[in-house]
Amino acid sequence: MNVSAALYHNDKPLDEILLRYAGRTNVFDGHFRMPPVQKDYEVLRVVVSASQVETPNFGSHQTTFKLVP
Amino acid sequence: MERFMKDPSPTEFTVRVISCDAKVIGSLVGGCRVIIRHRVTQEVLAEGFHRGGSGETGSIMKQPRQRGATVFATEGAAAYTACLYLTEPTPVEIIAEGPLAYPQALQRASTTTWLIPGKNALGEGFILQLHGFIVEIMTPASVEVFGAGAPVHLEASVRLL
């Protein structure tokens, strides 16, 4: 199974990482380094995708959060 | 044949919704919505919820399957059972949507079949399979605020439906 995460700002992709097994059942993790902020704050979106092409099974979830200088 | 036209016959059937490469989609993930629709008129003949347990791991995930063997219809396993009063053979579409507790993972599957008055389809019943993972971002939460340049720890859970 492949689990990855992509970081977006205004729908522009900023970064993509592979998430690794976190040592707890069904949990995967990783780290993003946040970009600089030009305004009072920016809203970023992260999209996590899971895929297993052999079965095939796919899934995704996303969330947004605020970034300040 | 005359009986078909005059006396409605109770016709019971079971629908089971399973996860591709996993078990029965049960109440733990919110179960599924099941709709029985007349294939020609599109009238909804029955609808309800598929709830219960996820079935027996042994029979679903471990043991080799033989034709006619009970795999999913074990004690407490999730199912939706309906009874229609039919006067004639009826073409239906069976639609299942779930898991209802995870909108981001919601999938839908359907099949078509005939229902024949008085001919029950219980036990394993009609089996619909949904593909997918329940992906859930645990951190960061959507209300969190981060400083520029800082590393952000991302954690997600991934499991079969």
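Structure first, text after, so check above.
Because the structure is predicted, anything quoted here is derived from the model rather than measured. (Residues numbered from 1 in each chain as written. Chains lettered and ligands numbered in written order. Predicted model: local features only at pLDDT ≥ 70, side-chain atom pairs only at ≥ 80, totals over all residues.)

Novice: Which parts of the structure should I look at to understand the overall build of chain B?
Specialist: In terms of regular secondary structure, chain B is built from two helices and 10 strands. Along its sequence from the N terminus, chain B presents helices and strands in the succession α-β-β-β-α-β-β-β-β-β-β-β. Here chain B has a C-alpha radius of gyration of 20 Å; the compact-globule value for 161 residues is 15 Å, and the former is much larger. With respect to the principal axes defined by its C-alpha atoms, chain B has extents near 80 × 40 × 20 Å. Of the contacts made within chain B by residues no fewer than 6 positions apart, 72% connect residues no fewer than 24 positions apart. (Helix = DSSP H or I, 4+ residues; strand = E, 2+ residues; numbered from the N terminus. Rg over C-alpha atoms; globule rule 2.2 N^0.38 Å. Contact = placed C-beta atoms within 7 Å.)

Novice: Could you clarify how one ought to interpret the sheet that holds strand 6 (residues 57-68) of chain A in this entry?
Specialist: Where strands meet in a sheet, backbone hydrogen bonds hold them as pairs that are either parallel or antiparallel. Strand order in the open sheet formed by five strands is 2(A)-1(A)-5(A)-6(A)-9(B), with mixed pairing between adjacent strands. A single partner strand is all that each edge strand has here, and the edge strands are strand 2 (12-18) of chain A together with strand 9 (145-147) of chain B. Along the sheet, successive strands turn relative to each other by an average axial angle of 30°, direction set aside. The pairing of strand 1 (residues 2-9) of chain A with strand 5 (residues 42-52) of chain A spans eight bridges and is classified as antiparallel. Each residue of the ladder has a partner; that of tyrosine 8 of chain A, found in strand 5 of chain A, is arginine 45 of chain A. (Pairing = 2+ DSSP bridges. Axes fitted to C-alpha atoms, helices over the stretch in contact; angles between N-to-C directions.)

Novice: Could you clarify how one ought to interpret the interface of chain B and chain A in this entry?
Specialist: Put simply, an interface is often sized by how much accessible area is lost when its parts join up. Contact residues are listed per partner, giving 30 residues for chain B and 33 residues for chain A. Of all the elements in the fold, those that place two or more residues in the side of chain B that touches chain A are strand 8 (133-139), strand 9 and strand 10 (151-160) of chain B. Class assignment of the residues belonging to the side of chain B that touches chain A gives a composition of 17 nonpolar, eight polar and five charged. Here strand 6 of chain A pairs with strand 9 of chain B via three bridges, running parallel. Each bridged residue has a counterpart across the sheet, and for lysine 66 of chain A the counterpart in strand 9 of chain B is valine 145 of chain B. (Nonpolar A, V, L, I, M, F, W, Y, C, P; charged D, E, K, R; others polar.)

Novice: How should I be thinking about the nonpolar core in this particular structure?
Specialist: The tendency in soluble globular proteins is for nonpolar side chains to be buried as a group. Judged by nonpolar contacts, the single largest core of 46 residues is most densely connected at Val15, Val17, Ile25, Ala96, Val135, Ala156 and Leu161 of chain B. Discounting chain neighbours no more than four positions away, the residues touching leucine 161 of chain B are Ser19, Ala22, Ile25, Val29, Pro99, Ala105, Gln107, Leu130, Gly132 and Ile134 of chain B. (Core = buried A, V, L, I, M, F, W, Y, C linked by C-beta atoms within 7 Å. Buried ≥ 20, exposed ≤ 12 C-beta atoms within 10 Å, placed from the backbone.)

Novice: Got a minute to help me understand the environment of lysine 23 of chain B in this structure?
Specialist: Residue and element names in this part refer to chain B. Mapped onto the elements of the fold, lysine 23 is located in the loop between strand 1 (9-19) and strand 2 (32-38). Spatially, the C-alpha atoms of lysine 23 and alanine 121 are 21 Å apart, while their sequence positions differ by 98 residues. Those residues in contact with lysine 23 that sit more than four places away from it in its chain are Ile18, Ser54, Gly55, Thr57, Ile60 and Met61.

Novice: Even after reading the chapter, I still don't get the sheet that holds strand 4 (residues 80-86) of chain B, so can you show me in this structure?
Specialist: Residue and element names in this part refer to chain B. The mixed open sheet is built from three strands, whose spatial order is 4-1-7. Sheet topology places strand 4 and strand 7 (121-130) at the edges, where each strand pairs with a single neighbour. Sheet twist, expressed as the mean angle between neighbouring strand axes with direction ignored, is 35°. As judged from the six bridges shared by strand 1 and strand 7, these two strands associate in the parallel manner. If you follow arginine 16 over to strand 7, its bridge partner there is isoleucine 127.

Novice: In this structure, what is going on with the environment of isoleucine 137 of chain B? I would like to understand it.
Specialist: Residue and element names in this part refer to chain B. With respect to the secondary-structure elements, isoleucine 137 resides in strand 8. The exposure class of isoleucine 137 is buried, given the 21 C-beta atoms found within 10 Å. C-alpha of isoleucine 137 to C-alpha of asparagine 120: the two residues are 17 residues apart in sequence and 43 Å apart in space.

Novice: Explain the pairing of strand 1 of chain A here, please?
Specialist: The two faces of a sheet get side chains in turn, since along a regular strand they alternate between them. Residue and element names in this part refer to chain A. Taken together, the six bridges between strand 1 and strand 2 define a ladder with antiparallel strand orientation. Counterpart to alanine 5 in the pairing with strand 2 is isoleucine 17. In sequence, strand 1 turns back onto strand 2 through a hairpin of two residues, with asparagine 10 there showing a positive phi of about 50°.

Novice: What is the right way to look at unusual backbone geometry in this model?
Specialist: Note the cis peptide between glycine 98 of chain B and proline 99 of chain B, where omega equals 0°. Relative to the assigned elements, proline 99 of chain B resides in the loop between strand 5 (90-98) and strand 6 (107-115). Residue proline 140 of chain B is bonded to the preceding threonine 139 of chain B through a cis peptide linkage, with omega at 5°. Summarising the element assignment, proline 140 of chain B is placed in the loop between strand 8 and strand 9. Although it is not a glycine, aspartate 11 of chain A adopts a positive phi angle of roughly 65°. Its location among the elements puts aspartate 11 of chain A in the loop between strand 1 and strand 2. On the neighbour-count criterion, aspartate 11 of chain A (6 C-beta atoms within 10 Å) is exposed.

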